[in-house]
Every structure is written in structure tokens, then in C-alpha cells.
Amino acid sequence: MRKRKDEYEFIYDNGDDSGIDYSDLSESDPEEAVDSLRGNVLSGSCIYCGAQDGMKYEGDICFICSVCGRSIHEDLYYRWLAGYEIEMDNDDYDDIY
């Protein structure tokens, strides 16, 4: 059984971390995330109305929501799915099919 001081040192002073290269721990590239999702997602939650499995991949370049009818480019949808922020116009366009 360890003494409290030994436990503290084991937890907080366990080795020298000066040799760690923290640049390897940087955030991943959003484009890598997009490429990893491409071809693996056929449907998902709608980014606009929140309908579960509302967004369906319609081939070529976009996802279209079967509930609200709005669409988004596949790369933007993949970025959103991967947890990256995306910029969108907030204009209220008529549905375009």
C-alpha cells in the first residue's frame, strides 16, 4: 500500500514530459474528416429543422431533407457532422429542388 505522498508523486510527478512534442496533438484537419466520412454517410439529422434521419444523400453533391426540403452541399454537411463550425447564409430562400 502506498503512502499519500507516494500516490501524489505517482499521479502528478510521474516522469519528465519535456521530451513530448505537443505539436502532434493539434486538431485534426477538417478536410481529413470530410474525406473519412465521404461515401460512408447516407442519411443523418437535418441541419436546418433537426429531423432525425431527415437528410438523405441524393448523389452527386448534396444532402436534401425529406421533411423541410432544404439542401446542403455534401462537404459542408460532412464538416458539420465531424463537429466543425460551418458558415451558412441565413437568408430565407424558397425551396429549390
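Residues numbered from 1 in each chain as written. Predicted model: local features only at pLDDT ≥ 70, side-chain atom pairs only at ≥ 80, totals over all residues. Heavy atoms only, no water.

## A short note on the packing of aromatic side chains
Per the stated rule, a full pass over the model turns up four aromatic pairs. With 4.5 Å between their ring centres and 40° between their planes, F63 and Y77 make a pair best called tilted. With a gap of 14 residues between them, F63 in strand β3 (residues 62–65) and Y77 in helix α3 (residues 74–81) connect regions that are remote in the sequence. Comparing F63 with Y77, the two get one shared label, buried. Their ring planes at 85° and their centres at 5.6 Å tell us that F63 and Y78 sit as a pair that is edge-to-face. One end of the pair, F63, is in strand β3; the other, Y78, is in helix α3, with 15 residues separating them in the sequence. (Phe/Tyr/Trp six-rings, centres within 6.5 Å; stacked < 30°, edge-to-face > 60°. Helix = DSSP H or I, 4+ residues; strand = E, 2+ residues; numbered from the N terminus. Buried < 20%, exposed > 50% of the residue type's maximum accessible area, 1.4 Å probe, protein only.)

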